[in-house]
Amino acid sequence: MLTRIFPLPAFDDEDLARSASQLRTVVLTMVGITTLYVVAWMILMPQFPNRIFSALPLYPLFIWLMYLIQRGKTKLASAIMVVGVWLILFFAAAFNGGVFAPGYSGMLITVLAAGIFMNREWANRIALLSVIGGGVYVLLEREGITPAADKFTDSTIMWLSQAVFFFVAANLLQMGTQQIASALKRAQYEIEQRRKTEERLRDAELLYRTLVEQTSVAIYRDAPDIDGTSIFISPQIMNMIGYSPEEFASEPTFWHSLLHPDDKKHALDTVRAVVTTGENIVSEYRLKSKSGSWVWLRDEAVVINDEQGKPLYIQGVFINITKQKEVEQQREALIKELEAKNTELERFTYTVSHDLKAPLITMGGFLGFLEKDALQGDIVKLKEDIFRISEANVKMQRLLNELLELSRIGRLMNAPEDVSFEQIVNDALARVGRRLEEKQIQVKTSGGPASVRGDRLRLVEVIQNLLDNAAKFIGEREHPQIEIGTEMSGDETVFFVRDNGIGIDPKFHDKIFDLFSKLDPHAEGTGIGLTLVKRIIEVHGGKIWVESELGKGATFYFTLPLNDKKIPE
C-alpha cells in the first residue's frame, strides 16, 4: 500500500537514485517487521499491551520518511529515520527495563543505519548517545525512579525483540555490503577512467611535442592586452632568432625591444587592433636576432574567447619568412633593374639612331657635292668633299667603337685583382700625359694609400676618361690644375678627381652621365666617356656623382670596393 501511495520516482543523479532505493527498502522492511512484531506480541503477550503502544509511533515516522524519499531528500530522511527510531527505542527502553530492555539492544541498529546512510561521524554520535542513554537508565534505576530490570526479562519478549533486530540488522548489513560493492565498482570505474585519461594526456602530450616542439614554426600565447604581454612561446623561437623561451618569460614585453624601428609602430598597432576588435591578424615584421641580424617573421594570430565571449588570450604562430623576403627583394631589384635597363635601352636606341644619322647625312650630302664638283672639274672643292666624307666616316667609326666598348662593360670583364689606387692613377697618367703636358696642366695626388679590388684595365679607363674630361674643359686658366686623391666620408673611402676648369651648371649634374650627352655640341669627343665611367663604377658595385658650379671647377667623386670586399656578381 505504501509503495502505491509513495512510488519511487526516477532520479537523474545515479547516487541519489541508489540511496533513495536503499533507504526506501529499509523503511519498507522496518514497516513489515514492526507490523509482524505488533501482531505477534498481541497473540503471544497480550498481558503487556504497553509494548504495542511503544511501537505505534513508528508508523507516522515511516509515512513521513516515504514522503521525503519520494521528494529526493534522502539525507534529511536518513537523519530523521536514525534520530526518530533512536528516540522511540530510547523511551521504550526507559520504561521497559533500561539497559536490559530489547529496545536498548535495538539502538545498535540505529548506529548501523547512521554509518550506512549518513557518515562515520553520525554513527559515532549515535553510539555515544546510546552509551550515555544506558548510563541514564542505570542512574534512574538506582535512584528508584524506574522499575528494576528483572521485571521485564521475559524470554519470549527478548526472543521477539531480538528477532526484529536480527532481520533489520541483516537488511542493513546487506545494504552496507551493497554500498561497499558499489563503491568498489565505482572505484574500479574511476581507476579505469583515470587510466584512460592518463592515456589521453600522454597522447595529448605527444601531440603537443609533435605540433609545438617538432615543427618549424614557433607557437606563442599572449595576454589579451594592448602590449601583447607574452605568456608562452615554444622552443622553436630559439632556432629563429636565438633567444630562448626563458628570456621571453623574464620580461613580458621583451619582444618590443627586438622590433625593427620601421616596423615597431605597425606591429604594436596590429596587436591593439586585434585586442580591440577581436579579429584575427596576419602581419609581417622584423625582429632582431641574438646575432644582430634582422629576421622577417609572419605573425598569424587568433583571439581565444571564453563561453561569455570575453578574450582569454591571443594564440598565434611565428613563421620565418626571411628567405621569402630576400627572394622578393631580389625580384623587386631585378624588376627595377630591368625597368632601368629598358629605359636606358630606349634612350640608347634613340640616341644612337640620332647620333649615327649625323655622319650618314654628312656623307650623303657631300657625296652629292662630290658628284657635282667632279663633273665641273673643281679639284679644290672635290678634295674638300672627300675630306668631309672621310671625317664623317672616322666619326662614325669612333662612335661605333665606343658603343661596342660600352656594350662590353659588364659582359666582358678581366679577372678581379687587388691593385693600389696609386698604380691605377699612374697607368692612366701614362695614357693622357702628352695631352696634359700640351695644356700645361699640373697634376697632384692627395690622401692616404688605398688598395682596391676589381678589373684593373677598366679602372684605369675610369681615371683616364676623368682626366681627359678635366683637360677638355679646363678652360683658359692661368694655372690649370687637376687633383686626384681619396678622403673619408664616415667609414667609407671616397675617391675623387678635381679640376679648376670651367665648371658645370648644377642642373646638368645628372645629365652629363647620359649617353652622347654633350653640354657643348662643338666640343671634341662623342659624349660617351662619362657614360663609360659610370657603367664601369656601377659594375664594380660603386657609385659616382659630381659636385660643381659654373666657373668654380668640378669634382667627380666615386666609390669602389676595397680589397676586403667582393665585386657584385
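Use the structure listed above.
If you're wondering where the values come from, they're calculated on a predicted model, not measured in any experiment.

Chemist: Explanation requested: helix 6 (residues 102–117) in the structure shown.
Modeler: Quick reminder: α-helices carry 3.6 residues per turn. Residues three or four places apart thus point the same way. The terminal C-alpha atoms of helix 6 lie 23 Å apart, and with 16 residues this matches the ideal 22 Å at 1.5 Å per residue to within 8%. Listed in full, the buried residues belonging to helix 6 are Pro-102, Gly-103, Gly-106, Met-107, Ile-109, Thr-110, Val-111, Ala-113, Ala-114, Ile-116 and Phe-117.

Chemist: Before we go on, may I ask you to explain the sheet that holds strand 12 (residues 554–558) in this structure?
Modeler: Pairing within the open sheet is mixed, and its five strands lie in the order 7-9-10-12-11. The open sheet terminates on both sides in strands that have one partner only, identified here as strand 7 (442–446) and strand 11 (544–548). Taken over all neighbouring pairs, the strand axes of this sheet differ in orientation by 20° on average, direction set aside. Both strand 11 and strand 12 contribute to a ladder of five bridges, which runs antiparallel. The residue of strand 12 that forms the bridge with Trp-545 is Tyr-557.

Chemist: Sorry if this is basic, but what is going on with the sheet that holds strand 3 (residues 281–288) here?
Modeler: Pairing between sheet strands relies on hydrogen bonds along the backbone, with the strands arranged either parallel or antiparallel. Spatial ordering of the open sheet is given by 2-1-5-4-3, a layout of five strands whose pairing is antiparallel. The sheet is open, and its two edges are formed by strand 2 (230–233) and strand 3, each paired on a single side. Taken over all neighbouring pairs, the strand axes of this sheet differ in orientation by 30° on average, direction set aside. Across eight bridges, the pairing between strand 3 and strand 4 (residues 294–305) is antiparallel. Within the sheet, the bridge partner assigned to Lys-288 lies in strand 4 and is Trp-294. Contacts from helix 11 (residues 264–277) reach strand 3, strand 4 and strand 5 (311–320) within the one sheet, and its direction differs from that of strand 3 by about 145°.

Chemist: What exactly am I supposed to notice about the packing of helix 4 (residues 58–70) against helix 5 (residues 74–94) here?
Modeler: For any two helices packed against each other, the geometry is given by the interaxial angle and the distance between the axes. Direction vectors running N to C along helix 4 and helix 5 enclose 170°, while the axes themselves pass 9 Å from each other. The angle between the axes of helix 4 and helix 5 places the two elements in the roughly antiparallel class. When helix 4 is examined against helix 5, the residues Leu-58, Leu-61, Trp-64, Leu-65, Leu-68 and Ile-69 are found in contact with a partner set consisting of Leu-76, Ala-77, Ile-80, Met-81, Gly-84, Val-85 and Ile-88. Taken together, the residues of the contact of helix 4 with helix 5 break down into twelve nonpolar, one polar and no charged.

Chemist: Help me understand empty space enclosed by the protein in this model?
Modeler: Rolling a probe over the atoms, with the probe sized like a water molecule, indicates the empty space that remains. Tallied over the entire structure, the rule returns four cavities of 30 Å³ or more. Each pocket or cavity is described by its volume, and for the second largest cavity that value is around 140 Å³. What lines the second largest cavity is a set of 14 residues, among which Tyr-220, Asp-222, Gly-228, Trp-255 and Phe-318 lie closest to the centre. Contributions of two or more residues to the lining of the second largest cavity are made by strand 1 (218–222), strand 2, helix 11, strand 3 and strand 5.

Chemist: Quick question: what am I supposed to make of the side chain of His-256 here?
Modeler: With respect to the secondary-structure elements, His-256 resides in the loop between helix 10 (245–250) and helix 11. What makes His-256 buried here is its relative accessible area of 13%. If near-sequence neighbours (up to four positions away) are discounted, His-256 is found in contact with Asp-227, Lys-264 and Leu-268.

Chemist: Teacher, can you tell me more about the packing of aromatic side chains here?
Modeler: The geometry of two aromatic rings is summed up by the distance between their centres and the angle between their planes. One pass over the structure, following the stated rule, counts twelve aromatic pairs. Here the aromatic rings of Tyr-220 and Phe-318 are separated by 4.7 Å at their centres, their planes lie at 25°, and the arrangement is stacked. Placement of Tyr-220 in strand 1 and of Phe-318 in strand 5 is noted, with a sequence separation of 98 residues between them. Residue class for Tyr-220 comes out buried when judged on its relative accessible area of 3%. The buried category is assigned to Phe-318, whose relative accessible area is 7%. Clustering of aromatic rings is evident, with ring pairs tying together Tyr-220, Trp-255, Tyr-285 and Phe-318. Taking the ring centre of Trp-122 as reference, the NZ or CZ of Arg-125 above it sits at 5.3 Å. Above the ring of Tyr-313, the side-chain terminus of Arg-221 is found at 3.7 Å from the ring centroid.

Here is what the cut-offs are and how they apply
Residues numbered from 1 in each chain as written. Predicted model: local features only at pLDDT ≥ 70, side-chain atom pairs only at ≥ 80, totals over all residues. Heavy atoms only, no water. Helix = DSSP H or I, 4+ residues; strand = E, 2+ residues; numbered from the N terminus. Expected span 1.5 Å × (residues − 1). Buried < 20%, exposed > 50% of the residue type's maximum accessible area, 1.4 Å probe, protein only. Pairing = 2+ DSSP bridges. Axes fitted to C-alpha atoms, helices over the stretch in contact; angles between N-to-C directions. Contact = heavy atoms within 4.5 Å. Parallel < 35°, antiparallel > 145°, perpendicular 65-115°, else oblique. Nonpolar A, V, L, I, M, F, W, Y, C, P; charged D, E, K, R; others polar. 1 Å grid on protein atoms, 1.4 Å probe; cavity = no way out; pocket = protein on both sides within 12 Å on 5 of 7 lines; lining within 4 Å. Points joined across faces, edges and corners; volume = space filled by probe spheres on them. Phe/Tyr/Trp six-rings, centres within 6.5 Å; stacked < 30°, edge-to-face > 60°. Lys NZ or Arg CZ within 6 Å of the ring centre and 35° of its normal.

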